[in-house]
Amino acid sequence: MYTPEAEKSVRLFLKYGLVSDPWQAASRGQPTLDPSLEATLSSAVAEISKEPIDRLVLGSWPITQAQVETGIREVLLSSASFDAYLATGRASLTAASLNEAVRRVRLLVRDGGLGRLMVGYGYTALVENLMAVRHYRTMREEDFVSGRLHRPWVTRTLEYELAAGMALGHYELIPGPEGRLVKLTRRGAQLWRDAQELWRVTGYADTRHRLSMMAEFANLADLDELTNLILPDFMDLRRTFVEYCRIPSGTRLLEVGSGSGMLTFDSGLYETLMPSSLTCLDPSPVLTGLAVKKAERARAQDVRFVRGVAESLPFPAESFDHALAFAVMQYTDRGQALPELYRVLRPGGSLAISVPLDLPALHQAAMQRWFKPLQRPSYGSYVFVSPTDIAEHAAAAGFRVLDVSDMTTSLDYSRPELTVRIMMQFQIYQDTLSSLPYQARLDLRDDLAGRGRYLLSRGAKVRFQAPMQFIRLQKP
Ligand SMILES: C[S@@+](CC[C@H](N)C(=O)[O-])C[C@H]1O[C@@H](n2cnc3c(N)ncnc32)[C@H](O)[C@@H]1O
């Protein structure tokens, strides 16, 4: 069993939106820190580390003042760089994101004490270490200590973490051909299983998935090009959707998950529906930036871009006549998003949705062989919805279902590098990927591209039809 202390800390990290996981925070490596921000960071660390703390907060292995300072520093850097990453698509810190992280860390310390912050930080580091040793079965002592394979962003040595883990019975050292090897003990293996259970129970696993999904969208500056190559008929399907939604011109329109504006400006939504006002909502500033340029080129009037998510819409009740969401609802929590959409529509207003129902690639022998190293797709959870999902959540939110139509679209996986990027970035295999150490993810990406090239050279079938659903709803 995980300890109640670990659980309280994970919950507090969630409550204050903090992360202590630079692999997530700056998934491309070490966050770049502007020298002018170093002063802010150091003074925040010096001040927060003066708070009282029980030196035995991590168990029988006393924690030093230097470790407290390192922990605070890493939580601040990770949280601030993750925030900057979501806002700008880059993990380089800004003064605003650093100040925000300092504010949230102070709130957590006020609420739960400095000890809680350290338990959350220590626990994350421990879980990363356990995950890595488990993955490689044995790890050379020098690799563990340098963090080369699992925490390459850490600038200090992990000697202390190894010593503490040995003293607490998580690891043992065994002789190997070129020096000592670190291996998990039964107790260490149990601790890793407990950590996974704790992530599940607290919802941290889900948050971790969702945060990294947003981060991936923030990073997809070439999304237009990628989707056009992988989904060659998607633009036509968007045009069909614009006709399907039957929204009259001159209304107050909300588009949820407007992304780079491919529906809005490239597929004629704006020109065809001529709304009296159009609000484009999306969590990704990078994609929104692309949409803003398209709006300028189209000289679009009365369009506003709002950063936000469907689960909590930043608009008053009944502020729109109609709303639509193309290829978005599959990424949302429908139990929250549909009641929110209901709330912001006026009575009589309609909502049109398009979602993918399945990824046929996952059922094809060649594709299964290709992606075999990933094994477990999170099938049905993040990337597709079941055929009844939207209608059921919509009815529960109070909507009347006006129409449900089955559609299809083509998928083209003939470019291995792109396909692997899409498969890994769109979180289809997130359950597997999130239990891999950093270097193993990179190796897997390269291995998968090689497997794809091989299968294609053998003439494997890599073009499919994928089922989609269009659905029209009305607020009575
Ligand atoms: C596949 S893209 C579709 C974009 C656009 N509708 C189109 O037709 O190209 C999915 C979009 O959903 C956005 N998204 C992801 N999670 C979301 C959420 N919880 N609420 C609203 N939008 C979200 C992403 O940022 C991304 O722009």
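Here the structure is a predicted model, which is why all the values come from computation and not from measurement.

## Section: the nonpolar core
Okay, step 1: Ranked by internal contacts, the top residues of the largest apolar core, which has 57 residues, are Ala-323, Val-328, Met-329, Leu-341, Leu-351 and Ile-353.
Okay, step 2: Residues within four places of Val-328 in sequence aside, it is in contact with Val-256, Gly-257 and Ala-310.
Okay, step 3: Of all hydrophobic cores here, the second largest spans 54 residues; its members include Leu-18, Phe-82, Leu-184 and Ala-195.

## Observations regarding the site of the ligand
Okay, step 1: Around the ligand lies a shell of 20 residues, among which Gly-257, Gly-259, Met-262, Val-309 and Ala-310 are the nearest.
Okay, step 2: A breakdown of the residues in the shell around the ligand according to their chemical character gives 12 nonpolar, 5 polar and 3 charged.

## Points about the sheet that holds strand 3 (residues 179–184)
Okay, step 1: Strand order across the open sheet formed by 3 strands is 1-3-2, with antiparallel pairing between neighbours. Of all strands in the sheet, those with a lone pairing partner are strand 1 (138–140) and strand 2 (171–176), marking the two edges. Pairwise comparison of adjacent strand axes, ignoring direction, gives a mean angle of 35 degrees for this sheet.
Okay, step 2: Summarising the sheet, strand 1 and strand 3 pair through 3 bridges and their orientation is antiparallel. What sits directly across from Thr-138, in strand 3, is Lys-183.

## So, the sheet that holds strand 5 (residues 277–282)
Okay, step 1: As summarised here, the arrangement of the 7 strands in space is 6-5-4-7-8-10-9, forming an open sheet in which the pairing is mixed. Of all strands in the sheet, those with a lone pairing partner are strand 6 (303–307) and strand 9 (400–412), marking the two edges. On average, each strand axis in the sheet is inclined to that of its neighbour by 15 degrees, with strand direction left out of account.
Okay, step 2: In this structure, strand 7 (residues 320–326) lies alongside strand 8 (residues 345–356), joined through 6 bridges in parallel fashion. Residue pairing across strands places Leu-324 opposite Ala-352, the latter belonging to strand 8.
Okay, step 3: The strands that helix 15 (residues 285–297) touches are strand 5 and strand 6; relative to strand 6, the one it contacts most, it runs at about 175 degrees.

## Some details on the packing of helix 5 (residues 95–112) against helix 6 (residues 114–136)
Two measures define how a pair of helices packs: the angle their axes make with one another and the distance between the axes.
Okay, step 1: Running from N to C, helix 5 and helix 6 point in directions that differ by 115 degrees, and their axes come no closer than 6 Å. For the pair formed by helix 5 and helix 6, the contact residues are Val-105, Leu-108, Val-109 and Gly-112 on the first element and Leu-114, Arg-116 and Leu-117 on the second.
Okay, step 2: Looking at the contact of helix 5 with helix 6, its residues break down into 5 nonpolar, 1 polar and 1 charged.

Here is what the cut-offs are and how they apply
Residues numbered from 1 in each chain as written. Predicted model: local features only at pLDDT ≥ 70, side-chain atom pairs only at ≥ 80, totals over all residues. Core = buried A, V, L, I, M, F, W, Y, C linked by C-beta atoms within 7 Å. Buried ≥ 20, exposed ≤ 12 C-beta atoms within 10 Å, placed from the backbone. Contact = placed C-beta atoms within 7 Å. Near = placed C-beta within 6 Å. Nonpolar A, V, L, I, M, F, W, Y, C, P; charged D, E, K, R; others polar. Pairing = 2+ DSSP bridges. Helix = DSSP H or I, 4+ residues; strand = E, 2+ residues; numbered from the N terminus. Axes fitted to C-alpha atoms, helices over the stretch in contact; angles between N-to-C directions.

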